[in-house]
Amino acid sequence: MTTTTTYIAFLRSINVGGRTVRMERLRGIFAELGLGNVRSYIQTGNVFFTADEDAADAAARAALTRRIEEHLAEALGYAVPTMLRTVDEVEALLAAEPFGGIEATPDVRLLVNFLTEPLPADFPVPYTSPDGDYQVVAADPGTAYVVIHLRDGRWNATRKLFGPSYRGLATARFLHTTVKILAAARKG
């Protein structure tokens, strides 16, 4: 049985580092793949679409992810790691309240990091960096929840948030942005 699933594609490398992609173009790239009801939210690479794939079928989701990544690379000329989540999955991760009452402040940022693979088994969660600049407060196989402590208004954390043995990739969204992305995806 075929089911239609609404996905959110969290894209890495969109509109950062001098690589600019207009959202109209990005939506067009997804539509070229035959995906339905393609929409986007803000300029950071958040695309919603429907596909006739069973979200519970890991092989089908992996194939869809590869198809999207290959088409993005062909169309844009560079790799765009793609983390697919269903609307229900994002709703569940937010409902779990992974930050456990930690509040965002002018010096504290709450980041939802969507992962291409789970954190290494040897990575302790919760984890606080030696200098206290960040904490990984929770994680599940596809997501890590990070609290950033700004110093003099700057984030001093290194790029290797999850230790040297982590071989996957991540793309981060602020918690409040993730809430807005979910709300926008539901409107479809």
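Residues numbered from 1 in each chain as written. Predicted model: local features only at pLDDT ≥ 70, side-chain atom pairs only at ≥ 80, totals over all residues. Heavy atoms only, no water.

Caption draft 1: Structural context of the overall build of the chain. Each helix and strand in the chain was counted, giving four helices and nine strands. The order of α-helices and β-strands along the chain, N terminus first, is β-α-β-β-α-β-α-β-β-β-β-β-α. Relative to the 2.2 N^0.38 estimate, which gives 16 Å for 188 residues, the radius of gyration of the chain is 17 Å and therefore close to what a compact globule would have. By its C-alpha atoms, the chain is 45 × 40 × 35 Å across when sized along the principal axes. In the chain, which comprises 188 residues, the share counted as buried stands at 45%. Pairs at least 24 residues apart make up 67% of the contacts formed inside the chain by residues separated by at least 6 positions. For the chain, the separation between the mean place of its 20 positive charges and that of its 21 negative charges on side chains is 7 Å. (Helix = DSSP H or I, 4+ residues; strand = E, 2+ residues; numbered from the N terminus. Rg over C-alpha atoms; globule rule 2.2 N^0.38 Å. Buried < 20%, exposed > 50% of the residue type's maximum accessible area, 1.4 Å probe, protein only. Contact = heavy atoms within 4.5 Å. Lys, Arg positive; Asp, Glu negative; His and termini not counted. Charge placed at Lys NZ, Arg CZ, Asp CG, Glu CD.)

Caption draft 2: Representation of the environment of Ala31 within the structure. Tracing the chain through its elements places Ala31 in helix α1 (residues 23-32). Between the C-alpha atoms of Ala31 and Gly77, which are 46 residues apart in sequence, the distance is 18 Å.

Caption draft 3: Focus on the nonpolar core. Counting 23 residues, the largest nonpolar core has Phe30 and Phe49 as its most contacted members. Taken together, the elements giving at least two residues each to this core come down to β1 (5-11), α1, β3 (46-51) and α2 (58-76). Discounting chain neighbours no more than four positions away, the residues touching Phe49 are Thr5, Thr6, Tyr7, Ala9, Phe30, Leu35, Gly36, Asn37, Val38, Leu64, Ile68 and Leu84. Of all hydrophobic cores here, the second largest spans 20 residues; its members include Ile8, Leu93, Tyr145 and Ile181. (Core = buried A, V, L, I, M, F, W, Y, C linked by side-chain atoms within 4.5 Å.)

Caption draft 4: Here's a closer look at the side chain of Thr65. Summarising the element assignment, Thr65 is placed in helix α2. Leave out the neighbours within four places in its chain, and Thr65 touches Thr82 and Leu84.

Caption draft 5: The sheet that holds strand β4 (residues 82-86), seen in detail. Taken in spatial order, the four strands of this open sheet run β2-β3-β1-β4, and their pairing is antiparallel. In the strand order of this sheet, the two ends are held by β2 (36-41) and β4, each with one partner. Put simply, the sheet's adjacent strands are angled 25° from each other on average, direction ignored. Across six bridges, β1 lies against β3 in antiparallel orientation. Counterpart to Thr5 in the pairing with β3 is Ala51. Relative to β2, α1 is tilted by about 155°, and along the sheet it contacts β1, β2 and β3. Against the sheet, α2 makes contact with β1, β3 and β4, and its axis sits at roughly 135° relative to β4, the strand it touches most. (Pairing = 2+ DSSP bridges. Axes fitted to C-alpha atoms, helices over the stretch in contact; angles between N-to-C directions.)

Caption draft 6: Structural view of the packing of α1 against α2. Two numbers describe how α1 lies on α2: the axes approach to 10 Å, and their chain directions differ by 130°. When the interaxial angle is binned, α1 and α2 end up oblique. As for how α1 packs across α2, the hand of that crossing is right-handed. Across the interface between the two elements, Arg25, Leu26, Ile29, Phe30 and Glu32 from α1 touch Ile68, His71, Leu72, Ala75 and Leu76 from α2. (Parallel < 35°, antiparallel > 145°, perpendicular 65-115°, else oblique. Left-handed = near helix turned anticlockwise from the far one by under 90°.)

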